[in-house]
Amino acid sequence: MAYKECVFNVYLLNEHFSPEYAEAQHGGKDSENNRRYDWEDEFAITSSVKKIEVLKDVEYPLRGVLPDGKEFSYDVTSMLLFKIISDDAPETYVGASQSIVDRYEQEDLEGKVRIRIYLKDYEPMANPIPGVYIASKEFPKELIF
């Protein structure tokens, strides 16, 4: 199935959010002192998306160049990845370490797809590439300066 629109929302859950307080004081909605999420990222995939594959407990190849110009490549294990396959772009990945994912939801409506990923807020993490969230305990030690 091809999608006309593909959007990812990533939310960092606020572990101190009180649904009871929200319901009693604000009709179930967030408030300044009782936020459901600490932050949200949104990504729109602009290529023509043919297919999205959900990959669980897989390795993610983290590659790049160090400040001294030396290239690096490390495989980060135990990832939940969404592999985006398009006709007009290389494969793209969005995802996170499984240890920091609380849950995810996929909503398909009339050729549009929205994927929501909810991250646990009590797990330290890194965001080395837009759309990729790696638990600190799983981040390659060689890249920590």
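Parameters and conventions
- Residue positions are counted from 1 within each chain, in the order its sequence is given.
- The predicted origin of the model limits local features to residues at a pLDDT of at least 70 and limits the giving and counting of side-chain atom pairs to 80 or more, whereas totals for whole chains, interfaces and linings rest on all residues.
- Here the side-chain values reflect all heavy atoms present in the structure, with hydrogen atoms and water set aside.
- When DSSP finds two or more bridges between two strands, those strands count as paired.
- Secondary structure follows DSSP: runs of H or I at least 4 residues long count as helices, runs of E at least 2 residues long count as strands, and numbering of each begins at the N terminus.
- All axes are obtained by fitting lines to C-alpha atoms, using only the stretch in contact for helices, and the reported angles, taken between N-to-C directions, cover 0 to 180 degrees.
- For every residue, the accessible area (1.4 Å probe, protein chains only) is compared with the maximum for its type, and the residue is labelled buried under 20%, exposed over 50%, or partly exposed between those bounds.
- Think of a polar contact as two N or O atoms within 3.5 Å of one another; within protein, one of them needs to be a possible hydrogen donor and the other a possible acceptor, and neighboring residues in sequence only count if both atoms come from side chains.
- By definition, residues are in contact when any of their heavy atoms lie within 4.5 Å.

## Regarding the sheet that holds strand 1 (residues 5-13)
Now for step 1: One open sheet holds the 4 strands; their spatial order is 2-1-7-6, and the pairing between them is mixed. The open sheet has two edge strands, strand 2 (37-45) and strand 6 (101-109), and neither has a second partner. Taking each pair of neighbouring strands and ignoring which way they run, the sheet shows an average axis angle of 15°.
Now for step 2: Note: strand 6 against strand 7 (residues 112-119), 8 bridges, orientation antiparallel. Considered in strand 7, the bridge of L109 is made with K112.

## Description of the sheet that holds strand 3 (residues 49-65)
Now for step 1: Pairing within the open sheet is mixed, and its 5 strands lie in the order 3-4-5-9-8. Edge positions in the sheet fall to strand 3 and strand 8 (125-129), since each has one partner strand and no second. Going across the sheet, the axis of each strand differs from the next one's by a mean of 35°, ignoring polarity.
Now for step 2: Bridging between strand 4 (residues 71-86) and strand 5 (residues 92-97) involves 6 bridges; their strand directions are antiparallel. Looking across to strand 5, one finds that I84 is bridged to T92.

## Observations concerning the side chain of S47
Now for step 1: Structurally, S47 is set in the loop between strand 2 and strand 3.
Now for step 2: Assessed through its relative accessible area of 16%, S47 is described here as buried.
Now for step 3: For S47, the side chain forms a polar contact with the side chain of S86, separated by 2.7 Å.
Now for step 4: Once residues within four sequence positions are removed from consideration, S47 is found in contact with S86, D88 and A89.

## So, the environment of K83
Now for step 1: Mapping K83 onto the fold places it in strand 4.
Now for step 2: When its relative accessible area of 16% is taken as the criterion, K83 is described as buried.
Now for step 3: When the C-alpha positions of K83 and K51 are compared, they lie 8.2 Å apart, and in sequence the two are 32 residues distant.
Now for step 4: Residues within four places of K83 in sequence aside, it is in contact with K51, I52, E53, L55, E91, T92 and Y93.
Now for step 5: One polar contact links K83 to E91, side chain to side chain, over a distance of 3.5 Å.

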